[in-house]
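Fold and geometry: a report
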Amino acid sequence: MKTLKIAIQKSGRLNEKSVELLKNCGLNFENYKSSLISPVSNFPLEILFLRDDDIPEYVQDGIADLGIVGENVIQETEVIVSYLQKLGFGKCSLKLAVPNNSDIVNLTDLNNRSIATTYPVILGKFLQKNGINADIRTISGSVEISPGLGLSDAICDLVSTGGTLKSNGLKPFGDVMSSEAVLIGRKGIENEILVQELIQRIQSVLRAKE
Ligand code: ATP
Ligand code: ZN
């Protein structure tokens, strides 16, 4: 039988819950240490441990058959994959935020202003849909410090509790998208028996948690 490959985040916010979910499905494997690939001893599956940003493309291109990643990363990379199952963890929102003392109070105030983000694709579509013409400044991290440095008037960043915004003197003022971890698959992979078996196991783990 063909061995499936599933890509999960090797370290970071989704790693622990992804490993826990697969273990709760009865899969036996070694956790990521230094090897990129871990075979599952009791199911024809291999686990690939990757950076989350690489997962959507690996799945689209068929290097992995399946992947667990945040919806935000899938939307940003604009890949064509099958959404197989929402997983109920890694919940967060992509929000716009401005300094507490900002004169920006509604969306139209963003016209001709600058917004720093690591999500230029999602933000660009959102602004276009709302008819806003703002300058998107793409940066690779620490978005929340950019207004304080004078780099942007606003930010668009992932928020879960809001603590990071608050400690940087920022307030949220609009939701761009909400996100959670999802199981994705290469287009058409959902027809394979092994994938259906795995999805069923995942669904019963999720049901048991309700
Ligand atoms: P990697 O090293 O794999 O590239 P990363 O630093 O890009 O990791 P993490 O910060 O580990 O990513 O976040 C992974 C995912 O967790 C996010 O893409 C998002 O879907 C989800 N997430 C949940 N809550 C938050 C949050 N408060 N901030 C950022 N991401 C969050
Ligand atoms: Zn990442």
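The structure displayed is predicted, hence computed values, not measured ones.

Quick notes on helix α4 (residues 120-129)
For α4, every residue scored as buried is listed here: I122, L123 and L127. The buried side chains of α4 occupy one side of the element, clustering within an arc of 130° when seen end-on. Exposed and oriented more than 90 degrees from the buried face of α4 are Q128 and K129. Those residues of α4 that are buried are in contact with α3 (71-77), β6 (92-99), β7 (114-117), β8 (135-138), β9 (154-159) and β10 (170-179). Looking at the residues trailing α4, positive phi occurs at G131, about 65°.

Considerations on the sheet that holds β6
In space, the five strands of this open sheet follow the order β8-β7-β9-β6-β10, with mixed pairing throughout. At either margin of the open sheet sits one strand with a lone partner, and together these are β8 and β10. Mean inter-strand twist for the sheet, computed between neighbouring axes without regard to direction, equals 25°. Judged from the eight bridges that link them, β6 and β10 form a sheet pairing that is antiparallel. Pairing of A97 across the sheet is with P172, part of β10.

Describing the domain arrangement of the protein chain
As assigned here, the protein chain comprises domain 1 (4-90 + 180-209) and domain 2 (92-178). Here the C-alpha centre of domain 2 lies 30 Å away from the C-alpha centre of domain 1. Counting from both sides, the interface comprises five residues of domain 1 and, opposite them, seven residues of domain 2. For the side of domain 1 that touches domain 2, the class distribution of residues is no nonpolar, three polar and two charged.

Quick look at the sheet that holds strand β11 (residues 181-185)
Strand order in the open sheet made by the six strands is β2-β3-β1-β4-β11-β5, with mixed pairing throughout. Across the chains shown, the open sheet's two edge strands, defined by having one partner strand only, are β2 (37-39) and β5 (82-86). On average, each strand axis in the sheet is inclined to that of its neighbour by 25°, with strand direction left out of account. Note: strand β1 (residues 4-9) against strand β3 (residues 45-50), six bridges, orientation parallel. Looking across to β3, one finds that I6 is bridged to I47. The strands that helix α1 (residues 15-24) touches are β1, β3, β4 (66-70) and β11; relative to β1, the one it contacts most, it runs at about 145°. Sheet strands touched by helix α6 (residues 193-209): β1, β4, β5 and β11. Its angle to β5, the strand with the most contacts, is close to 25°.

Reading guide: rules and limits
- Residues numbered from 1 in each chain as written.
- Chains lettered and ligands numbered in written order.
- Predicted model: local features only at pLDDT ≥ 70, side-chain atom pairs only at ≥ 80, totals over all residues.
- Buried ≥ 20, exposed ≤ 12 C-beta atoms within 10 Å, placed from the backbone.
- Helix = DSSP H or I, 4+ residues; strand = E, 2+ residues; numbered from the N terminus.
- Arc of directions from axis to C-beta.
- Contact = placed C-beta atoms within 7 Å.
- Pairing = 2+ DSSP bridges.
- Axes fitted to C-alpha atoms, helices over the stretch in contact; angles between N-to-C directions.
- Domains from an automatic or database assignment.
- Nonpolar A, V, L, I, M, F, W, Y, C, P; charged D, E, K, R; others polar.

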